[in-house]
Amino acid sequence: MANKRKNNQRPLLNAMQLKWWPWLLLLLLLMLPYLFFLREAVVAPAYEIPYSEFKTLLKAGKVTEVQLHGEAATGRLSAPMPIGPQGKAGERFKTRIPAFGDESLLPALEAQGVEVHVGEPKAAGGWFAVVIAILPWLFLMGLLFWAMQRASRNLSGGLGGRGDLQQFLRGATRKAEVPHVTFADVAGQENAKREVQELVEFLRQPQQYRKLGAEVPRGVLLMGAPGTGKTLLARALAGEAGVPFYSISGSEFIEVFVGVGASRVRNLFQEAKKNAPSIIFIDELDSVGRTRGTGLGGGHDEREQTLNQILAEMDGFTGHEAVIVLAATNRPDVLDPALLRPGRFDRHVTLDLPDRNDRVAILKVHIRKVPIAADVDLEHIAAGTPGFSGADLRNLVNEAALLAARERSKTVTMQHFEDARDKLLLGSVRTLAIQPEERHRLAVHEAGHTLVAYFVPHADPLYKVTIIPRGRALGGTQQLPEEERHTLPEEYLRDRLAVVLGGRAAEKQLLSSVSSGADDDIQKATQLARAMVTRWGMSEEIGPVDLRESEEHPFLGREIAQPRRFSESSAQAVDTAVRRLLSEAEQAATDIIDSHRAALDTLIHRLEERETLHREEIEQCLAPQERAAATATRDNLPQG
Ligand code: ADP
Ligand code: MG
Ligand code: ZN
């Protein structure tokens, strides 16, 4: 027991020492001037007397010795001081001589036969002032030193690093190992794997290529949305070829001091060349590789120096080293063009979001270590997760396992996956006190979306509808495409608008009022209609003209504003066309609701009862005869 405690305490103590000693040093530094002050107080004369008194003592012949230091004078008395309780023979005193001098002083001293010593003029305050002057610098240096210690320690992974300056400049001396992952761990991404396959061969037998004089691309840029497996692929490439993997992340360069990043790049390349064949991987290249001259810190900031160093190192290859430089980014659009020039990152590999089959494959990779129940259907999960990246899918599996663990279930079931998916897509279930009439309105709204989605001809199949609040939403209707869609036909988009506005239309028809619950729907519908008009030429008024005011980012999925390049009258025409699309869609939704009132009522009732309805339950409510009726009315609906 005692033994055990001792073992536990030691690392703790180490940690404390490491953490506290810089502070102790600082404290000592701060105390230094006070120590000097103390010394002066102890050794220096006890009395400071007025000059007039000094003259009186001098005239009385009581001064035996005087030292002059510019404007200050110290001296010794021959007899006890006439005034003051402590005056003794041999006592030291101190006085100040007027700055303009006293012509009578020297003659007076001579007349009394006083021993006169003349010393250097003393700086005001002496030592004390000197220390005060350098104190801020000492303090800053201490802080700097401390920061370096910390940064270096962080990089070398916890408390193990010794953290001297040398090491800080070199960066953490990562032990470059051969990663354990191989291409088998990268599911899907067949294109990307094929593109880099050649590099594997080269790294395995560089001499073979050298003999034939074949040149292999030096720099490869991996591009793709976050979580598509860029880092994974780079590591797998090294693992597959069995060569050491030197990696550094662009954001690590944005450290503290100018020049450190460049120094680290130099060392990284040096190490990699020494251990060739090898791979250098620069993750998040965009954080150092943004177009130069746009940085905030003037022309020569840290980022720019680091980038220049990378370029210089890549140019410095003689063509014989078996070193491949990989870099990853999700913002290829902001990269400095110099990085993409021949001889640098001239081979580009794009990683896409996985399609349905790839999602199944990725799920298979990640459930290898998870006990899966027999009812789990990976195909179904993959179908329900369009737009998920590899990282999202890994997260999904983990989330499902967490839910299973919380329930102390032995295996992870389909229900766990279903809940995990909803949690990731919509947020956690919210406990929210909803009043009965509000809940009814919610059911009407969601049933409206569902009914319209069911009866319009070109919509995606329904997945589920719920009135359980999650995340920011109070309820939700989910549809899922059968297959991934790469282009969106106009009929599909018009029906989509009707579905989105269906919730509001149902509220209007059944409760004869609308609510703020349709806020998000209106925004979504307007955005979609605007895109149809300004980007895809789907309105008669505008025709095939690009009138967009923002540009969609290829990997980030968000819009980047652009300056407007068209006239005010075009803008007005766009507004009119958008409004027409929206009101047509609302009319279509209202028509469907009016002609299927009975089915809608059943759906609302069932939804209030069960809170969540899955595809089959929805179909049960909207009975087959309704469906037949729908086919009849469908021909009367306005079509795009
Ligand atoms: P990126 O660097 O593109 O942002 P990562 O390589 O860091 O993405 O991916 C994060 C994690 O997601 C990986 O560690 C891996 O577990 C998982 N992942 C991503 N893509 C795949 C894939 N194609 N196959 C298997 N797992 C993947
Ligand atoms: Mg990454
Ligand atoms: Zn809605």
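These numbers come from a predicted model, not from an experiment.

### Considerations on the site of ligand 1
Taken together, the neighbourhood of ligand 1 is formed by 16 residues, with Ala187, Gly227, Lys230, Thr231 and His366 sitting nearest. Ala187 has a polar backbone atom sitting 2.8 Å from a nitrogen atom of ligand 1. Note that an oxygen atom of ligand 1 is positioned 2.7 Å from one of the side-chain N or O atoms of Thr231. Protein coverage of the free-state accessible area of ligand 1, which is 560 Å², stands at 83%. Residues that form the shell around ligand 1 fall into these classes: six nonpolar, seven polar and three charged.

### Points about the pattern of salt bridges
It is possible for side chains of opposite charge to pair when their charged atoms get near one another. Scanning the model with the defined rule gives 21 salt bridges in all. When the shortest N-O distance is used, the salt bridge between Glu584 and Arg494 registers 2.9 Å. With Glu584 in helix 20 (residues 568–595) and Arg494 in helix 18 (residues 490–511), this pair connects stretches of sequence that are 90 residues apart. Residue class for Glu584 comes out partly exposed when judged on its relative accessible area of 29%. With a shortest N-O distance of 2.9 Å, Arg548 and Asp546 are connected by a salt bridge.

### Things to note about the sheet that holds strand 15 (residues 612–614)
Spatially, 12-11-15 is the arrangement adopted by the three strands of the open sheet, whose pairing is antiparallel. Two strands lie at the open edges of the sheet, namely strand 12 (476–479) and strand 15, each paired on one side alone. When strand polarity is set aside, the average angle formed by the axes of neighbouring strands in this sheet is 10°. Where strand 11 (residues 462–466) meets strand 12, four bridges bridge the pair, whose relative direction is antiparallel. Bridged to Leu462 within strand 12 is Gln479.

### Details of the nonpolar core
With 51 residues, the main nonpolar core has Leu451, Val452, Leu497 and Leu622 as its most contacted residues. Elements with a minimum of two residues in this core: helix 17 (436–455), strand 11, helix 18, helix 19 (519–534), helix 20, helix 21 (597–610) and helix 22 (615–621). Ranked by residue count, the leading element in this core is helix 20, at eleven residues. Setting aside residues no more than four positions away along its own chain, Val452 makes contact with Ala498, Val499, Gly502, Ala589, Ile592 and Ile593.

### Things to note about the coordination of the zinc ion (ligand 3)
Looking at the zinc ion (ligand 3), one finds its protein donor set to be His445 (NE2), His449 (NE2) and Asp521 (OD), positioned 2.1 Å from the metal centre. Each donor residue of the zinc ion (ligand 3) lies on one chain, and together they are spaced H-x3-H-x71-D. Residue His449 is found in helix 17, and its partner Asp521 is found in helix 19; the two are separated by 72 residues along the sequence. Both residues of the pair, His449 and Asp521, count as buried.

### Quick word on the sheet that holds strand 9 (residues 323–329)
Read across the sheet, five strands follow the order 7-8-9-6-10 without closing on themselves; strand pairing throughout is parallel. Taken across any chain shown, the strands that pair with only one partner, and hence form the sheet edges, are strand 7 (245–249) and strand 10 (347–351). On average, adjacent strands in this sheet sit at an angle of 20° to one another, irrespective of strand direction. Pairing analysis gives five bridges linking strand 6 (residues 219–224) to strand 10, with the strands arranged parallel. Bridged to Val220 within strand 10 is Arg347.

### Observations regarding the confidence of the model for the protein
Residues at a pLDDT of 70 or more form 80% of the protein, whose mean pLDDT is 80. For the stretch residues 156–163, pLDDT sits under 50, and the model shows twelve contacts to residues farther than four places along the chain or on other chains.

### Considerations on the environment of Val288
Considering the arrangement of structural elements, one finds Val288 in helix 11 (residues 286–289). Take Val288: its relative accessible area is 0%, and that puts it in the buried class. In this structure the C-alpha to C-alpha distance between Val288 and Asp336, which are 48 residues apart in sequence, comes to 9.4 Å.

### Concerning a nonpolar patch on the surface
Together, Leu30, Ile134, Trp137, Phe139, Leu140 and Leu143 line one region of the surface with nonpolar side chains, adding up to about 570 Å² of accessible area. Counting residues per element, the nonpolar patch draws most heavily on helix 4 (residues 127–155), which supplies five residues.

### Some thoughts on the environment of His380
For His380, the location among the structural elements is in helix 14 (residues 378–383). Under the relative-accessibility criterion, His380 is labelled partly exposed at 34%. C-alpha of His380 to C-alpha of Val360: the two residues are 20 residues apart in sequence and 9.0 Å apart in space. Setting aside its immediate chain neighbours within four residues, His380 contacts Met414 and Tyr463.

### A look at helix 21
Taking 1.5 Å of rise per residue, 14 residues should cover 20 Å, and helix 21 covers 20 Å from first to last C-alpha, within 8% of that figure. Taken together, the buried positions of helix 21 are Ala599, Leu600, Leu603, Ile604, Arg606 and Leu607. Count one or two residues on from helix 21 and you reach Glu611, which has phi positive near 70°.

### So, unusual backbone geometry
Cis rather than trans, the peptide bond between Ala276 and Pro277 has omega equal to 0°. As for its placement among the helices and strands, Pro277 is situated in the loop between helix 10 (260–274) and strand 8 (278–283). Even without being a glycine, Glu284 presents a positive backbone phi close to 50°. Looking at the element boundaries, Glu284 is found in the loop between strand 8 and helix 11. Overall, Glu284 belongs to the partly exposed group, its relative accessible area being 37%.

### Some thoughts on the packing of helix 15 (residues 390–406) against helix 16 (residues 414–426)
Look at helix 15 against helix 16: their axes get within 8 Å of each other, and the N-to-C directions meet at 120°. Taken together, the axes of helix 15 and helix 16 lie oblique to each other. Between helix 15 and helix 16 the crossing geometry is right-handed. Here helix 15 contributes Asp392, Asn395, Leu396, Val397, Glu399, Ala400, Leu403 and Ala404 to the contact with helix 16, which in turn contributes His416, Phe417, Asp419, Ala420, Arg421, Lys423 and Leu424.

### What about the packing of aromatic side chains?
Applying the stated criterion to the full structure yields four aromatic pairs. Here the aromatic rings of Tyr51 and Phe54 are separated by 5.9 Å at their centres, their planes lie at 40°, and the arrangement is tilted. Here the residue Tyr51 and the residue Phe54 both occupy positions in helix 2 (residues 51–59), the gap between them amounting to three residues, near one helical turn. The interplanar angle of 25° and the centroid separation of 5.8 Å between the aromatic rings of Phe245 and Phe281 together place this pair among those described as stacked.

Conventions we followed
- Residues numbered from 1 in each chain as written.
- Chains lettered and ligands numbered in written order.
- Predicted model: local features only at pLDDT ≥ 70, side-chain atom pairs only at ≥ 80, totals over all residues.
- Heavy atoms only, no water.
- Near = heavy atom within 4 Å.
- Polar contact = N/O pair within 3.5 Å; in protein donor to acceptor, adjacent residues only side chain to side chain.
- Areas by Shrake-Rupley, 256 points an atom, 1.4 Å probe, with all protein chains shown as cover.
- Nonpolar A, V, L, I, M, F, W, Y, C, P; charged D, E, K, R; others polar.
- Salt bridge = Lys/Arg side-chain N within 4 Å of Asp/Glu carboxyl O.
- Helix = DSSP H or I, 4+ residues; strand = E, 2+ residues; numbered from the N terminus.
- Buried < 20%, exposed > 50% of the residue type's maximum accessible area, 1.4 Å probe, protein only.
- Pairing = 2+ DSSP bridges.
- Axes fitted to C-alpha atoms, helices over the stretch in contact; angles between N-to-C directions.
- Core = buried A, V, L, I, M, F, W, Y, C linked by side-chain atoms within 4.5 Å.
- Contact = heavy atoms within 4.5 Å.
- Donors = N, O, S within 2.8 Å, 3.2 Å for Na, K, Ca; no water.
- pLDDT = per-residue confidence, 0-100.
- Patch = residues over 30% accessible without salt bridge, like charges linked within 9 Å, V, L, I, M, F, W, Y side chains within 5 Å.
- Expected span 1.5 Å × (residues − 1).
- Parallel < 35°, antiparallel > 145°, perpendicular 65-115°, else oblique.
- Left-handed = near helix turned anticlockwise from the far one by under 90°.
- Phe/Tyr/Trp six-rings, centres within 6.5 Å; stacked < 30°, edge-to-face > 60°.

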